[in-house]
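Chain and residue survey
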Amino acid sequence: MTRHRMAVVGTGMAFAPHAEALTDLADRVEIVGAYNRSEARRAEAAKRGFTPSDDLDALVADPTIEAAIVLTPPAAHVDIASAFLKAGKHVLLEKPLAMTTEGARTLVSLAAERDLRLGIVFQHRYRPASIALADLVASGKLGTVSAATCTIPWWRPQSYYDEPGRGTMARDGGGVLITQAIHTLDVFRAAVGGIASVSAVSATTAIHTMECEDFVGAALRLSNGGVGTLTATTACYPGHAETITVMGARGIAHLSGALLTVDWIDGRQETFGETAATGGGADPMAFSSEAHRAVHAAFLDAIEAGRAPPVDGTDGLRTQLFIDALLASASSGAWVDVPDR
């Protein structure tokens, strides 16, 4: 079996589940270097068995490196991912694609122009329950979707936002939507077939002292003509599982975390997936690395097959456009259309 030589850029908090996943996939991937500007972070990567690197330019220029896994904060995504793409290397990028839609479009265009794979780490899309939900809607088994709801009642203590840059435009590009809720928003958007327009409100509650929003509520018009609602927050102590409910003519599908329950109109009930920790509480890393392993395996499959990964840059862009529309509506007080590209 071919082992793909790759680099990892960014070995901070987000690195842990990726490290576990990459270790599990050691027969398929060789991490040539794990880069971080911080000596302490490089030392942590070395303890996990990865060769540390303090020279990003050398990794970009190395002709034997086929792809890069970029796990830095969003502010660095465009510059780093662009460098690897321009060097002819595939990129798997932590969410979001970029801090701005302009940056996200730049990365999608670069990858397309060079026929390179651009994957986005939306690991919730790889959960068996999420896959089952998407199939039920796309196949028509659930019947015409008339309404859907998405609720993300998460919690982050003030100490989380006291970390330098957390919850700021300069580092994260926004608050609850682009940093925490984005995973569930992506599953929701993809499952219902897209969002046509939104009417939203947003706020920074008295529970947190931070620059960006920690609460968003919205009414939605779905692309198929149905309606929906959204609530996303990190001010709901102690944090609960995110839920998506899709109401079809033949049944109601309810996704809670990683467990999908389908109540069919004819009285049957089916379940998919399992109850699992989601990172909705004070510890944002309290979840299994299983879905991350699926992300990496699918990215490797895409490289070998010469096709886009199941969740690619276009998915990342569409979810970012959804977030942009929510914030634009909250700012203007008007309904805002959600563009597709």
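All of the points below concern the structure found in this document. (Residues numbered from 1 in each chain as written. Predicted model: local features only at pLDDT ≥ 70, side-chain atom pairs only at ≥ 80, totals over all residues. Heavy atoms only, no water.)

1. Here we look at unusual backbone geometry
In this structure, proline 96 follows lysine 95 across a cis peptide bond, with omega equal to -15°. Summarising the element assignment, proline 96 is placed in the loop between strand 5 (90-94) and helix 5 (101-113). Tyrosine 237 connects to proline 238 through a cis peptide bond whose omega is 0°. The residue proline 238 is located in the loop between strand 10 (227-233) and strand 11 (243-248) in this model. Its identity is not glycine, yet aspartate 115 carries a phi of approximately 55°, on the positive side. Position of aspartate 115 relative to the elements: it lies in the loop between helix 5 and strand 6 (118-121). (Helix = DSSP H or I, 4+ residues; strand = E, 2+ residues; numbered from the N terminus.)

2. As for helix 6 (residues 128-138)
When helix 6 is considered as a whole, its buried residues turn out to be Ala129, Ser130, Ala132, Leu133, Leu136 and Val137. Across the axial projection of helix 6, the buried residues extend over an arc of 160°, all falling on one side. More than 90 degrees from the buried face of helix 6, the exposed residues found are Pro128 and Ala138. Downstream of helix 6 by a residue or two, glycine 140 has a phi angle that is positive, lying close to 85°. (Buried < 20%, exposed > 50% of the residue type's maximum accessible area, 1.4 Å probe, protein only. Arc of directions from axis to C-beta.)

3. Examining the pattern of salt bridges
In total, this model carries 17 salt bridges according to the counting rule given. Residue arginine 125 is joined to aspartate 315 by a salt bridge in which the shortest nitrogen-to-oxygen separation is 3.3 Å. One end of the pair, arginine 125, is in the loop between strand 6 and helix 6; the other, aspartate 315, is in helix 10 (residues 313-332), and 190 residues separate them in sequence. A residue is classified by how much of its surface remains accessible, and aspartate 315, at 11% relative accessible area, is buried. Across the pair aspartate 172 and arginine 171 runs a salt bridge, and its minimum N-O distance is 2.6 Å. (Salt bridge = Lys/Arg side-chain N within 4 Å of Asp/Glu carboxyl O.)

4. Focus on the sheet that holds strand 7 (residues 145-153)
Strand order in the open sheet formed by nine strands is 14-13-12-11-7-10-9-8-15, and the pairing between neighbours is mixed. Looking at the sheet topology across the chains shown, the edges are occupied by strand 14 (269-273) and strand 15 (336-337). In this fold helix 6 packs onto strand 7, strand 11, strand 12 (251-256), strand 13 (259-264) and strand 14, with an angle of close to 35° to the strand it touches most, strand 13. Along the sheet face, helix 10 touches strand 8 (195-203), strand 9 (215-222), strand 10 and strand 15 and points at about 55° away from the line of strand 8. (Pairing = 2+ DSSP bridges. Contact = heavy atoms within 4.5 Å. Axes fitted to C-alpha atoms, helices over the stretch in contact; angles between N-to-C directions.)

5. Considering the sheet that holds strand 3 (residues 52-53)
The six strands are arranged 3-2-1-4-5-6 in an open sheet whose pairing can be described as parallel. Where the open sheet ends on each side, the last strands, each with one partner, are strand 3 and strand 6. The pairing of strand 2 (residues 29-35) with strand 3 spans two bridges and is classified as parallel. Within strand 3, the residue paired with alanine 34 across the bridge is proline 52. This element, helix 4 (residues 77-86), spans strand 1 (4-9), strand 4 (67-70) and strand 5 of the sheet and lies at about 165° to strand 5. With respect to the sheet, helix 9 (residues 290-305) is in contact with strand 1, strand 2, strand 4, strand 5 and strand 6, its orientation differing from that of strand 5 by roughly 160°.

6. A word on the side chain of arginine 117
For arginine 117, the position within the fold is in the loop between helix 5 and strand 6. The buried category is assigned to arginine 117, whose relative accessible area is 8%. A polar contact is formed between the side chain of arginine 117 and the side chain of aspartate 115, at a distance of 2.8 Å. With residues near it in sequence (within four places) discarded, arginine 117 still touches His90, Val91, Phe299, Ala302, Ile303, Gly306, Arg307, Ala308 and Pro309. (Polar contact = N/O pair within 3.5 Å; in protein donor to acceptor, adjacent residues only side chain to side chain.)

7. Digging into the packing of helix 5 against helix 10
Put simply, helix 5 and helix 10 touch, their axes get as near as 10 Å, and they point 165° apart. By the criterion of interaxial angle, the relationship of helix 5 to helix 10 is roughly antiparallel. Considering how the two elements wind past one another, helix 5 and helix 10 form a crossing that is left-handed. Only Gly313, Thr314, Leu317, Gln320, Leu321 and Asp324 of helix 10 make contact with helix 5, whose side of the interface consists of Thr101, Ala104, Arg105 and Val108. Residues of the contact of helix 5 with helix 10, tallied by class, amount to four nonpolar, four polar and two charged. (Parallel < 35°, antiparallel > 145°, perpendicular 65-115°, else oblique. Left-handed = near helix turned anticlockwise from the far one by under 90°. Nonpolar A, V, L, I, M, F, W, Y, C, P; charged D, E, K, R; others polar.)

8. A look at the environment of arginine 105
Counting through the fold element by element, arginine 105 comes out in helix 5. Separated by 82 residues in sequence, arginine 105 and threonine 23 place their C-alpha atoms 32 Å apart. If sequence neighbours within four positions are ignored, arginine 105 has contacts with Leu317, Leu321 and Arg341. Polar side-chain contacts of arginine 105 include one of 3.0 Å to the backbone oxygen of arginine 341.

9. Re the environment of leucine 25
Relative to the assigned elements, leucine 25 resides in the loop between helix 1 (15-24) and strand 2. Relative accessible area serves as the criterion here: at 9%, leucine 25 is assigned to the buried category. When residues no more than four places from it in sequence are discounted, the contact partners of leucine 25 are Arg293, His296, Ala297 and Leu300.

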